[in-house]
Amino acid sequence: MTDSPAHYLVDLFRGTHSLSERLRQMHERLLPTMPSLDRIACALHDARDDCLKTFIHSTRHGAPLQGYEWPLADSQSLLKLAQTGDFRVLDELSCLQQSEHPHSRWLLEQGYQSSFTVPMYGPQGLIGFLFFDSTEAAAFDVRVQRDLVMFCSQVAMLISNEMAMVQAMLASTQVARDFANLRDFETGAHLERMARYARLIARGVAEHYQLDDEFVEHLYLFAPLHDIGKIGIPDRILLKEGRLNPQEHKLMETHVELGCALVEKIMGDFNLKRLPDAKLMLNIVACHHELLDGSGYPKGLSGDQIPIEARIVTVADIFDALTSPRPYKDGWRTDEAMAELQRMAAAGQLDPHCVQALVAAREQVIKITQRYQDSD
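Attention here is on the structure that accompanies the text. Values in this document were obtained by computation on a predicted structure and should not be read as measured data.

So, the overall build of the protein
Each helix and strand counted, the protein has 15 helices and six strands in total. Taking 2.2 N^0.38 as the reference for a compact globule, 376 residues should give roughly 21 Å; the C-alpha atoms of the protein span a radius of gyration of 23 Å, in line with that estimate. Residues classed as buried in the protein amount to 52% of the 376 residues present. In the protein, once contacts between residues fewer than 6 apart in sequence are set aside, the share between residues at least 24 apart is 64%. When the accessible area of the protein is evaluated, it comes to approximately 17800 Å², of which 51% is carbon and sulfur surface. Distance from the positive charge centre (37 side chains) to the negative charge centre (52 side chains) of the protein: 3 Å.

Below is the structure:
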């Protein structure tokens, strides 16, 4: 007798593989009993913007759907599922021929003929949706639906638990970060802006650097931690109006090492060092002041020694620093700041692909700038 998915998939929740890798392993285990299951994809719900965004997937047929985001309210059928907790079966996707929704058109273009959609919930409410697709019509009969609903509960638990650990760690840094916010004018809405700029850049370079949506999501979550070490910098330096002298600048540079020590301690306290994305978080804190030509700090790394997550955050951070007003300067206009980033890229200091990704997203950048303004 074959074990149910809920029984034999539990062991895959343990270990250090990314969520994407574990989902692919789960998919492989389902195929002997569900050979027509061609795609499993998870879209996360962002409660702050009330939108859905692609997250992890296992795609055996056609091209994967990545870097896609849409308002939940734009899909009345998914909104209803979120409100009721029901699931949806579409035996013939040809019924979507007249749909104007990009996701529906994409399904048809990839040759999928039937689908099964289930909302996922956690302690805080809606996590997102799991989408199952097949190139065969009517592939999701009652037996398959039953097994996949059990599967969904396990995946929801997996994602919820992992996100809860990340959120617990982020919450533990919030106290220190809030304290730093009282002492450092480079905080407040700056953190939200630069995290969103970083996400725009990551999506723009995802194909070039082969970054998946799971990477982009964790980059977005961890980017605000980049300057957490400033909590250990004296006020006379942190709050100084005007340029720092060489000795003061040297002391300011120690915020990187202080930040790394703080993050490593928090990861140890929460037993998060085993998480596959823990290294991404540490790289952001450790390397966001490194420059490609080796002129950055604290280690003077150059070229490929600097991880892509740090290159992305560096561009986002510099752009926001340029465009934000300071006691000693006015904020630069968007185009002026982008021109400066391009100059730095041409000089070999910044990743040119990251800079171009931000420039290409100019309209979205302006919307972020306008939405998340510093309070007086």
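There is more to say after this.
Side note on the pattern of salt bridges
All told, the structure shown has 21 salt bridges when counted by the stated rule. With a closest N to O distance of 2.5 Å, Arg39 and Asp133 form a salt bridge. Taken as a pair, Arg39 in strand 1 (residues 39-46) and Asp133 in strand 6 (residues 125-134) lie far apart in primary sequence, 94 residues in all. In this structure Arg39 comes out as buried when scored by relative accessible area, which is 3%. Looking at Asp133, the relative accessible area reads 1%, which means it is buried.

Looking at the sheet that holds strand 4 (residues 88-90)
Pairing in this open sheet of six strands is antiparallel, and the strands run 3-2-1-6-5-4 from one edge to the other. Both outer strands of the open sheet, strand 3 (69-71) and strand 4, are each paired with one neighbouring strand and no more. Going across the sheet, the axis of each strand differs from the next one's by a mean of 25°, ignoring polarity. Pairing of strand 1 with strand 2 (residues 51-59) involves eight bridges; the strand directions are antiparallel. Directly across from Cys42, in strand 2, lies its bridge partner Ile56. Sitting on the sheet, helix 7 (residues 213-222) touches strand 1 and strand 2, and the angle it makes with strand 2 is about 140°.

Considering the nonpolar core
The biggest cluster of nonpolar side chains holds 85 residues, and the ones touching the most others in it are Phe132, Leu148, Ile159, Met169, Phe222, Ile312 and Leu358. It is helix 5 (residues 142-181) that contributes the most residues to this core, 12 residues altogether. One finds Leu52, Trp70, Leu78 and Leu90 within the second-largest nonpolar core, a separate group that totals 19 residues.

A few points about the packing of helix 6 (residues 189-209) against helix 15 (residues 362-371)
The geometry of helix 6 relative to helix 15 is characterised by a closest axis approach of 10 Å and an angle of 165° between their N-to-C directions. Relative to helix 15, the element helix 6 lies roughly antiparallel. The two elements helix 6 and helix 15 cross, and the hand of that crossing is right-handed. Taking contact as the criterion, the partners of Arg193, Arg196, Tyr197 and Leu200 in helix 6 are, on helix 15, Gln364, Val365, Ile368 and Thr369. Here the contact of helix 6 with helix 15 is composed, by residue class, of four nonpolar, two polar and two charged.

Comments concerning the pairing of strand 2
For strand 2, the buried fraction is high: eight of the nine residues fall into the buried class. Where strand 1 hands over to strand 2, the hairpin turn is made up of four residues, of which Asp50 adopts a positive phi near 50°.

Let's talk about the packing of helix 6 against helix 7
One way to put it is that helix 6 packs onto helix 7 with a least axis distance of 8 Å and a crossing angle of 160°. With respect to helix 7, the axis of helix 6 lies roughly antiparallel. Once helix 6 is placed against helix 7, the crossing between them reads as right-handed. On the side of helix 6, the interface is formed by Glu192, Ala195, Arg196, Ala198, Arg199, Ala202 and Arg203, while helix 7 contributes Val216, Leu219 and Tyr220. The class makeup of the residues in the contact of helix 6 with helix 7 is six nonpolar, no polar and four charged.

A look at the state of the cysteines
Here the structure, examined in full by the defined rule, presents zero disulfides. Lacking any disulfide linkage, Cys95 is separated from the closest cysteine sulfur, that of Cys152, by 20 Å. Between Cys287, a cysteine without a disulfide, and Cys260, which holds the nearest cysteine sulfur, the sulfur-to-sulfur distance is 7.5 Å. Judged by relative accessible area, which is 9%, Cys287 ranks as buried.

Considerations on the side chain of Glu214
Tracing the backbone shows Glu214 in helix 7. An unpaired buried charge is present at Glu214: no salt bridge exists, and Arg22, the closest side chain of opposite charge, is 6.0 Å distant.

Concerning the packing of aromatic side chains
Tallied over the entire structure, the rule returns eight aromatic pairs. A ring pair is formed by Tyr68 and Trp70, whose centres lie 4.8 Å apart and whose planes are at 25°; its orientation type is stacked. Residue Trp70 is classed as buried on the basis of its relative accessible area of 5%. Counting every residue linked through ring pairs, the aromatic cluster contains Phe87, Phe116, Phe132, Phe140 and Phe151. In this structure, Arg199 packs its charged tip against the face of Tyr220, placed 3.9 Å from the ring centre.

Calculation criteria
- Residues numbered from 1 in each chain as written.
- Predicted model: local features only at pLDDT ≥ 70, side-chain atom pairs only at ≥ 80, totals over all residues.
- Heavy atoms only, no water.
- Helix = DSSP H or I, 4+ residues; strand = E, 2+ residues; numbered from the N terminus.
- Rg over C-alpha atoms; globule rule 2.2 N^0.38 Å.
- Buried < 20%, exposed > 50% of the residue type's maximum accessible area, 1.4 Å probe, protein only.
- Contact = heavy atoms within 4.5 Å.
- Areas by Shrake-Rupley, 256 points an atom, 1.4 Å probe, with all protein chains shown as cover.
- Lys, Arg positive; Asp, Glu negative; His and termini not counted.
- Charge placed at Lys NZ, Arg CZ, Asp CG, Glu CD.
- Salt bridge = Lys/Arg side-chain N within 4 Å of Asp/Glu carboxyl O.
- Pairing = 2+ DSSP bridges.
- Axes fitted to C-alpha atoms, helices over the stretch in contact; angles between N-to-C directions.
- Core = buried A, V, L, I, M, F, W, Y, C linked by side-chain atoms within 4.5 Å.
- Parallel < 35°, antiparallel > 145°, perpendicular 65-115°, else oblique.
- Left-handed = near helix turned anticlockwise from the far one by under 90°.
- Nonpolar A, V, L, I, M, F, W, Y, C, P; charged D, E, K, R; others polar.
- Disulfide = S-S within 2.5 Å.
- Phe/Tyr/Trp six-rings, centres within 6.5 Å; stacked < 30°, edge-to-face > 60°.
- Lys NZ or Arg CZ within 6 Å of the ring centre and 35° of its normal.

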